[in-house]
Every structure is written in C-alpha cells, then in structure tokens.
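Residue-level structure breakdown
So the chains spell out like this:
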Amino acid sequence: MSKKISLTRYLVEQQRVDGKIPAELRLLLEVVARACKTISQAVNKGDLGGVLGTADSENVQGEVQKQLDIIANEVLIEANEWGGHLAAMASEEMEGIYLVPNRYPQGEYLLLFDPLDGSSNIDVNVSIGTIFSVLKKPDGSVGVSEQDFLQPGAQQVAAGYCVYGPQTTLVLTVGDGVAMFTLDREQGSFVLTRENVQIPPDTKEFAINMSNMRHWDTPVKRYVDECLAGKEGPRGKDFNMRWIASMVADVHRILTRGGIFMYPWDKREPEKAGKLRLMYEANPMGWLVEQAGGAATNGRQRILDIAPSKLHERVSVVLGSRNEVERVTRYHLEPGSEA
Ligand code: P6P
C-alpha cells in the first residue's frame, strides 16, 4: 500500500521543496479545501439536511438561487475572511466584491468562486461542484476595488474545483501541473490520488447542449455535424456525446479521460458573449485544462488572455483535448465565419 500523501503534505512540499507557493497561499488553499469538505457534507445530506430546493431570491445573473447556493457561498466567506491571507473575495452569488472586514488582517490574495456550480442538478442528485480562482492583489494598489479583480486568467496563482459526486475530489493547480485529491471520509482529509494529470490530445467524446443546435454559429454547427457524421463523415471515426449540465462534472470527465466541452455563443441572446462566466468558471477551468496539456479558447482566442471588463463577464467556452479545441478554433477563424 503506497504511503498516503495528504493535501497538507502535498502543499507543504510544494512550498518547501519546490518553492512553488508562499506560506500564505498554502494557508489559503487549505482553508478553501476545508470549506469544500463542509459544503460536501451539506450536499451529501440532501433531503435529510432540509437544504434542497430553491431560496426565495435571485443571484446577480437573475437566476433563482438554490438554498445550497447560498449555504455554499456563506461557508466560503466565513472560512476565508478571518485568516489574514485575503484582501477580498468575489462570488457568482454576490453582485459586488466582498472586502475582508477591518477587524481581520488583510492579505495579498483575491479569491473568486462559483460556490456551487451546476446547481440545477442539486435536487436530482447529479454531481455538482465548487470552482475557485486565486489572483494576487496588484502591487501598490491602495485598498481593494473591483478593478483589482479584472486581471486576465493568465495572472492566476492557483485554481481548482471540488466535485461533489460519488467521490468528493479536489482538483488543483498552482502552475506546476494538475493534482487530484480524494476525500477520505474516515480520516476527514483529502488524499493525493492523481498528479501530473494529462488530457489525451485527441478524443471521440464531445460535450455540448444539443438542444441549442438551431441557435449555434456556423463553425460550431460544422464541428458537431462532422462528429455526428461518424466514420462515414470527414472525421473518419464515430463520436460519443455527454452533457451533464454541470461544468465541474464535464470538466472532471475530460481531465480524467479526455474530450471536448463547448458552451458557445448562440443567437438566443446575441448581446451576451456566452452563458458561462469568465472570472470564476472559464478562467480556473481553462488554466486547469492547459496545465493538463489541453487547450481552452472562446472559439477565437485563448481564454486566459482575455482582458476582463467586468466582474461577472460572460464568455463562450471551448476546452479540452488540444487537437479538438484547435480544430473548433480553426473553424471559427476561417474567413467568412464571423458570427
Ligand atoms: P444548460 C450550470 O448552471 C452551468 O453554469 C454549467 O455548470 C453548465 O455547464 C451549464 O450551466 C449548463 O447549461 O443551458 O445546459 O443548462
């Protein structure tokens, strides 16, 4: 039986042996992991915990909030506000940024999160998850403002998610590859179960909400039609399709066995760049995928290069196996393919 390496030991070694992460960032990641354990316990109770169903409120996106959305948000805020490692936080569930109260020491990091992604799946017992992204507060900035958060995803210093499924698994990068930690409920700790995760460059599995097909732009229609044409078509191979409607679960499958995930711009709300949010969904997932050898674009440019103009900015997302993402991006960049 190989020695179990806990998340704590992994982070200490990343800090001590490889000098990859400062002590404050290690503390931040351990606090986020503990908050995810608390959220996992609430999610796992389901009806027994009386936390299913909707709250009588909407989030900044105008979406009806689930009770667990609000609980997960509160867990992350309460876990992180006192530790002295953060200057402020931002969440899908809050319109503005959350400044660390003056009664606590201020740190140099900014934490962004989607506290419970995929919440439409909560009541039907399908995997959901927490997505988080860590930025550094810009040097020399006095105080903290929303502007300090508006950094391209390439500036992230850590990113990850925790998927609440048959296992509770924390997936993390600090810029040195991707590691996966499975929650050992008997010990109450996350244990390293995979590291140096690599996404196969090719795949036979695509993930997209097919019910939106009539609204897609031409390059996306072309790519999906070619997949559906199978062996007899231009791709010369059959494809499989998956759509869990929980980005965390779809991305976890892709990190585990490859694939391509697409939530593209479509004609339903042409003024919106896409459905998913740049700062706390596409950026952290895009970095994880790139750190695992995959690629992540908005159809035309690298997601991590996008300069955000607002906190809850939406973006079109194409991510996963590198060769497939490059094919979809190539289709978008061909002359005459403009939306
Ligand atoms: P649709 C969940 O609400 C989410 O933000 C992502 O996790 C998921 O990939 C997508 O929306 C699902 O959207 O339109 O298929 O329900």
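Shown above is the structure to which this text applies.
Residues numbered from 1 in each chain as written. Predicted model: local features only at pLDDT ≥ 70, side-chain atom pairs only at ≥ 80, totals over all residues. Heavy atoms only, no water.

Remarks on the sheet that holds strand 7 (residues 158–164)
For clarity, the threshold we go by: In this scheme, strands are said to pair when DSSP sees at least two bridges between them. Helix numbering and strand numbering both begin at the N terminus, where a helix is a DSSP run of H or I of at least 4 residues and a strand a DSSP run of E of at least 2. Only heavy atoms enter the contact rule, under which two residues are in contact if any of them lie within 4.5 Å. To obtain each axis, a line is fitted to C-alpha atoms, and for helices this fit is confined to the stretch in contact; angles are then taken between N-to-C directions over 0 to 180 degrees.
Taken in spatial order, the 8 strands make up an open sheet running 4-3-5-6-7-8-9-10, and their pairing is mixed. The sheet terminates laterally at strand 4 (98–99) and strand 10 (189–194), the two strands that pair on one side only. Note that strand 8 (residues 168–173) and strand 9 (residues 179–184) share 4 bridges and pair antiparallel. Each bridged residue has a counterpart across the sheet, and for leucine 170 the counterpart in strand 9 is phenylalanine 181. Helix 3 (residues 67–80) contacts strand 3 (86–91), strand 4, strand 5 (109–117) and strand 6 (128–136) of the sheet and is inclined by roughly 155° relative to strand 5.

Considerations on the state of the cysteines
Spelled out, the test is: In this description, a disulfide is simply a cysteine sulfur pair whose atoms lie within 2.5 Å. Using a 1.4 Å probe on the protein chains alone, a residue whose accessible area is under 20% of its type maximum counts as buried, one over 50% counts as exposed, and one in between counts as partly exposed.
Evaluated as defined, the whole model comprises 0 disulfides. Of the cysteine sulfurs around cysteine 36, a residue in no disulfide, the closest is that of cysteine 162, at 4.4 Å. The buried category is assigned to cysteine 36, whose relative accessible area is 0%. Exposure remark for cysteine 162: the relative accessible area of 0% places this residue in the buried category.

Overview of the site of the ligand
Note the cut-off: If a single non-hydrogen atom of a residue is within 4 Å of a molecule or strand, that residue counts as near it. Under this definition, polar contacts are N or O atom pairs within 3.5 Å; protein pairs additionally need one hydrogen-donor-capable and one acceptor-capable atom, and for neighbouring residues in sequence, both atoms have to be side-chain atoms. Reported accessibility uses the Shrake-Rupley method at a 1.4 Å probe radius. Residues are deemed covered only where the shown protein chains occlude them. Both cavities and pockets are sets of points on a 1 Å grid over the protein atoms alone; in a cavity a 1.4 Å probe fits but cannot get out, in a pocket the set is open with protein on both sides within 12 Å along at least five of seven lines, and lining residues sit with an atom within 4 Å of a point. More than half of a molecule's atoms lying within 2 Å of a cavity's or pocket's grid points is what places that molecule inside it. Residue type decides the class: Asp, Glu, Lys and Arg count as charged, Ala, Val, Leu, Ile, Met, Phe, Trp, Tyr, Cys and Pro as nonpolar, and the leftover types, Gly among them, as polar.
Taken together, 13 residues surround the ligand, and among them Asp117, Asn209, Trp243, Met247 and Tyr263 come closest. In the model, an oxygen atom of the ligand is placed 2.8 Å from a nitrogen or oxygen of the aspartate 117 side chain. With respect to the ligand, the side chain of tyrosine 263 contributes an N or O atom lying 2.7 Å from an oxygen atom. Out of a free accessible area of 400 Å², the ligand has 84% covered by protein chains. Taken atom by atom, the bulk of the ligand overlaps the largest pocket. Secondary structure elements with two or more residues in the shell around the ligand: strand 13 (260–263) and strand 14 (276–277). Taken together, the residues that form the shell around the ligand break down as 6 nonpolar, 3 polar and 4 charged.

Some points on the layout of surface pockets
Quick note on the threshold: Grid points are joined across faces, edges and corners, and a volume is the space filled by probe spheres set on the points.
Of the pockets and cavities examined, the largest pocket occupies roughly 430 Å³. Of all the secondary-structure elements, those providing two or more residues to the lining of the largest pocket are strand 2 (64–66), strand 5, helix 6 (247–257), strand 13 and strand 14. The biggest single contributor to the lining of the largest pocket is strand 5, with 3 residues.

Topic: the sheet that holds strand 13
Two pairing modes exist for strands in a sheet, parallel and antiparallel, and in both the strands are linked by backbone hydrogen bonds. If you trace the 5 strands from one edge of the open sheet to the other, you get 12-11-13-17-15, paired in mixed fashion. The sheet is open, and its two borders are formed by strand 12 (240–241) and strand 15 (295–297), each paired with just one other strand. In terms of strand pairing, strand 11 (residues 205–207) meets strand 12 through 2 bridges, oriented parallel. Within the sheet, the bridge partner assigned to phenylalanine 206 lies in strand 12 and is methionine 241.

Some words on the packing of aromatic side chains
Where we set the bar: Any pair of Phe, Tyr and Trp rings, taking the six-membered ring for Trp, is counted once the centres come within 6.5 Å. Such a pair is stacked with planes under 30 degrees apart, edge-to-face with planes over 60 apart, and tilted for the rest.
A complete count under the given rule lists 3 aromatic pairs for this structure. Measuring from ring centre to ring centre gives 5.0 Å for tyrosine 10 and phenylalanine 181, while their planes differ by 75°; the resulting arrangement is edge-to-face. Highlighted residues: tyrosine 10 in helix 1 (residues 7–16) and phenylalanine 181 in strand 9, separated in sequence by 171 residues. Under the relative-accessibility criterion, phenylalanine 181 is labelled buried at 0%. Taken together, a centroid distance of 5.8 Å and an interplanar angle of 55° make the contact between tryptophan 243 and tyrosine 263 tilted.

Observations concerning the packing of helix 5 (residues 218–229) against helix 8 (residues 322–333)
Counted only if it meets this: Here roughly perpendicular refers to angles of 65 to 115 degrees, roughly parallel to angles under 35, roughly antiparallel to angles over 145, and oblique to all remaining angles. Left-handed is the label given to a crossing in which the near helix is rotated counterclockwise from the far helix by less than a right angle, and right-handed is the label when the rotation is clockwise.
Look at helix 5 against helix 8: their axes get within 8 Å of each other, and the N-to-C directions meet at 135°. For the element pair helix 5 / helix 8, the angle class is oblique. Seen from above, helix 5 lies across helix 8 with right-handed handedness. Of the residues in helix 8, those in contact with Pro219, Val220, Arg222, Tyr223 and Glu226 of helix 5 are Glu324, Arg327, Val328, Tyr331 and His332. Per-class residue counts for the contact of helix 5 with helix 8 are 5 nonpolar, 1 polar and 4 charged.

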